[in-house]
Amino acid sequence: MGDNSQNHQKNLERFNDLMFGTRGEQHRKDYHSQESSTNSSSIDYEEILSSIDKIIESVGSLKPVVQSVLGQILKKK
C-alpha cells in the first residue's frame, strides 16, 4: 500500500511540474517560511486604511487635471 501512495505522490508532483513548471527546492522553502512568518506577524489595519485614504485623496486631486488634459486633446481633434 505504501508503494501505491508513493507512486501517486510522484505522479502528482510530475503533473504539477508539467502544469505549473518546476520550482527549485529553495523556492519551496522560502514560500513556506514566508507563509509561516505572515501568520505569526500582526497586521496593522489602521495603517492600511490610512494608506488607502491617502491614495483616494491623491486620485481625487488628479481628477481635474486629467479632465483638463483630456478636454484639450478632444478639442484639438
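The model shown is predicted, which means the values in this text are computed figures rather than measured ones. (Residues numbered from 1 in each chain as written. Predicted model: local features only at pLDDT ≥ 70, side-chain atom pairs only at ≥ 80, totals over all residues. Heavy atoms only, no water.)

## Section: the overall build of the protein chain
Looking only at helices and strands, one finds three helices and zero strands in the protein chain. Taken from N to C terminus, the helices and strands of the protein chain fall in the order α-α-α. The buried share of the protein chain, reckoned over its 77 residues, is 0%. Of the accessible surface of the protein chain, which amounts to about 7500 Å², a share of 56% is contributed by carbon and sulfur atoms. (Helix = DSSP H or I, 4+ residues; strand = E, 2+ residues; numbered from the N terminus. Buried < 20%, exposed > 50% of the residue type's maximum accessible area, 1.4 Å probe, protein only. Areas by Shrake-Rupley, 256 points an atom, 1.4 Å probe, with all protein chains shown as cover.)

## Thoughts on a nonpolar patch on the surface
Nonpolar side chains collect at one region of the surface, where Ile 43, Tyr 45, Ile 48, Leu 49, Ile 52 and Ile 56 lie side by side and expose about 620 Å² of accessible area between them. Within the fold, Ile 56 resides in helix H3 (residues 45–76). (Patch = residues over 30% accessible without salt bridge, like charges linked within 9 Å, V, L, I, M, F, W, Y side chains within 5 Å. Salt bridge = Lys/Arg side-chain N within 4 Å of Asp/Glu carboxyl O.)

## Regarding H3
The terminal C-alpha atoms of H3 lie 46 Å apart, and with 32 residues this matches the ideal 46 Å at 1.5 Å per residue to within 8%. Taking the largest bend as the criterion, H3 deviates by roughly 30 degrees, centred on Leu 62, and proline Pro 64 comes between one and four positions later. (Expected span 1.5 Å × (residues − 1). Bend = angle between axes of the 7 residues up to and from the residue.)

## Concerning the confidence of the model for the protein chain
For the protein chain, the mean per-residue pLDDT works out to 79, and 70% of the residues sit at or above 70. Within the protein chain, no element has a lower average pLDDT than helix H2 (residues 25–40), which sits at 60, and none a higher one than H3, at 90. (pLDDT = per-residue confidence, 0-100.)

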